[in-house]
Amino acid sequence: MALIECPECGKVVSQTAEACPNCGYAVKKHFDEIAAAETAEKRKAESAVKRQQRNKVLKIIIPIALIVVGVIVGIIINNKILSERTLFSDDKAMMTYLTNKNCWKLDDRFYKKCLTFYSYNVCSTITENYSSGCKIKLNPGRGYFDVGHTRYIISSDGNIIDNDAKDIYKPNYTLNGLEDGIQALDIEVISAEVDESGNFKSEYKITNNGKVAYEYIRLETVVTYDDGEQDILTDFEMVESENDKYLLKPGNVGTAHAIMFSPPKKIVNATGYVTEYMREFK
C-alpha cells in the first residue's frame, strides 16, 4: 500500500484514504483534482500541437487550392474567349485568310472605311479622304492581330472586330475606287552591296504612281543570304523627295537608304517593302 503525505498536516496517510485520519483533510479529492488538472493541461498541449500541425498543412494546401482554382477558372475563361474567335495554325494561314477576303468594309458606320491586307503583313486603313498603312503583328493561335496600337479580333463568324471601338468589318467588299498606298508606291532597288568596311548598304527609289500624295513613308528590307536564309532589316531612313522632304506627290520620286553593319553571312538579294505611310487629305 503506497503512502503519501497529507497536504494539510504533513502526516503520512494511505494513498487510497478518502481523508486524513489526523486532520480530516479530503486527501483523495485533493489529489484527484491535481490529476485532473494535469490531464487537462496535457490535452491542451496536445491540442495546441495538433492545431499548429493543421495550420501548417492549411498554409500549404490553401495556396495550392487557390492556384488550382485560378488555373481552372483561367482555362474556362480562355476557352470561352477562344470559342468566340477564328484560330489559325500559323502566321501564313492567318495572312492567307485575311488577304483572300479582298477588302474588309466597316459595317453600318462609314460606308467607305475599309481594311486591306497584303502578303507582306501590311494593313491599310482606307476612307474617302484619308489612308494609312502599317505593319501588323499577328497572333494566329489566339485569333487576333495588332495594327499600331489597335487590336483586332477575328470573330468565330469570320468578321474583324476592333477590340476597343467594337467596330465590325465584314469581308469581300470592293474599295469603291479608293486608292491604296501599297499598290500606288513602286519600289526599285538602285544599289545593294557590301562596302569596304564590311557593312551592307542599299538604296531604293520610290515612285508614286497614284493619284494622291503620300507622306512619312517607311520601308523595311528583306535580305537573303547565300544559304537561303532571310533576315529583316528595319533600320531604314524615311523616304525623302527632292522638293518636299517626306511628302511624295503623284508622279514624284523619292529615295531611301538602309544599312546593316557587318552582316553575318554573304547577302545575295535585297527587297524593299512599304510598311507604313500616311495618305494626303483631300
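So, how was this worked out
- Residues numbered from 1 in each chain as written.
- Predicted model: local features only at pLDDT ≥ 70, side-chain atom pairs only at ≥ 80, totals over all residues.
- Heavy atoms only, no water.
- Helix = DSSP H or I, 4+ residues; strand = E, 2+ residues; numbered from the N terminus.
- Rg over C-alpha atoms; globule rule 2.2 N^0.38 Å.
- Buried < 20%, exposed > 50% of the residue type's maximum accessible area, 1.4 Å probe, protein only.
- Lys, Arg positive; Asp, Glu negative; His and termini not counted.
- Charge placed at Lys NZ, Arg CZ, Asp CG, Glu CD.
- Pairing = 2+ DSSP bridges.
- Phe/Tyr/Trp six-rings, centres within 6.5 Å; stacked < 30°, edge-to-face > 60°.
- Salt bridge = Lys/Arg side-chain N within 4 Å of Asp/Glu carboxyl O.
- Core = buried A, V, L, I, M, F, W, Y, C linked by side-chain atoms within 4.5 Å.
- Contact = heavy atoms within 4.5 Å.
- Polar contact = N/O pair within 3.5 Å; in protein donor to acceptor, adjacent residues only side chain to side chain.

Asker: What should I look at first to understand the overall build of the protein in this one?
Answerer: A tally of helices and strands in the protein yields 3 helices and 18 strands. Taking 19 Å as the expected radius of gyration for a compact globule of 282 residues, we find that the protein reaches 41 Å, considerably beyond that expectation. Summarising its shape, the C-alpha atoms of the protein cover approximately 130 × 55 × 35 Å along the three principal directions. Counting across all 282 residues of the protein, residues that qualify as buried make up 35%. Each charge class in the protein can be summarised by its mean position, and for the 35 positive and 40 negative side chains these summaries are 10 Å apart.

Asker: What am I meant to see in the sheet that holds strand β17 (residues 253–260) here?
Answerer: By way of backbone hydrogen bonds, the strands of a sheet pair with one another, either parallel or antiparallel. A sheet is described by the order of its strands in space; here 4 strands give the open sequence β11-β12-β17-β15, paired in antiparallel fashion. Of all strands in the sheet, those with a lone pairing partner are β11 (185–194) and β15 (240–241), marking the two edges. With 8 bridges joining them, strand β12 (residues 200–208) and β17 adopt antiparallel strand pairing. Opposite K201, over in β17, you have I259 as the bridge partner.

Asker: When you look at the packing of aromatic side chains in this model, what are you seeing that I'm missing?
Answerer: A ring pair, where both rings are aromatic, is described by two values, the distance of the centres and the angle of the planes. Applying the stated criterion across every chain, the model contains 8 aromatic pairs. Among the aromatic residues, ring-to-ring pairing joins F88, Y97, W104, F117, F145, Y152 and Y169 into one connected group.

Asker: Mind showing me how you'd approach the pattern of salt bridges here?
Answerer: Any two side chains of opposite charge can pair, so long as their charged atoms come close to each other. Tallying each qualifying case throughout the model produces 8 salt bridges. Between K265 and D227 there is a salt bridge, with the nearest N and O atoms lying 2.9 Å from each other. Of this pair, K265 sits in the loop between β17 and β18 (267–279) while D227 sits in the loop between β13 (214–225) and β14 (230–233), placing them 38 residues apart in sequence. For K265, a relative accessible area of 27% gives the class partly exposed. A residue is classified by how much of its surface remains accessible, and D227, at 44% relative accessible area, is partly exposed. Note that E229 and K265 form a salt bridge whose closest N and O atoms lie 2.8 Å from each other. Of the two residues, E229 sits in the loop between β13 and β14 while K265 sits in the loop between β17 and β18, which places them 36 residues apart along the sequence.

Asker: Is there a simple way to think about the pairing of β18 in this case?
Answerer: Consecutive side chains along a regular strand alternate between the two faces of the sheet. When strand β6 (residues 131–139) meets β18, the two strands line up antiparallel, connected through 3 bridges. When the bridges of β18 are listed, C134 appears paired with E276. Two strands pair when backbone bridges link them, and β13 and β18 are joined in this way by 10 bridges, in the antiparallel orientation. Counterpart to V223 in the pairing with β18 is A270.

Asker: Sorry, what's going on with the nonpolar core here?
Answerer: By size, the foremost hydrophobic cluster in this structure holds 26 residues, and its most contacted members are I206, I217 and L219. Every element with two or more residues in this core is listed here: α3 (181–184), β12, β13, β17 and β18. By residue number, the principal contributor to this core is β13, which donates 6 residues. What I206 contacts, discounting residues up to four positions off in sequence, is L185, D186, I187, L219, V239, L248, N252, V253, G254, T255 and A256. With 18 residues, the next largest nonpolar core counts F88, M94, Y97 and I160 among its residues.

Asker: What exactly am I supposed to notice about the environment of N269 here?
Answerer: By secondary structure assignment, the location of N269 is in strand β18. Along the backbone, N269 and Q230 are 39 residues apart, and their C-alpha atoms lie at a distance of 9.4 Å. When near neighbours in sequence (up to four residues on either side) are disregarded, N269 contacts V222, V223 and T224. A polar contact of 3.5 Å, which involves the side chain of N269, links it to the side chain of T271.

Asker: Please clarify how the pairing of β12 should be interpreted in this entry.
Answerer: Across 9 bridges, the pairing between β11 and β12 is antiparallel. Within β12, the residue paired with A192 across the bridge is S202. The antiparallel pairing of β11 with β12 creates a hairpin that spans 5 residues between the two strands, and G198 there sits at a positive phi of about 85 degrees.

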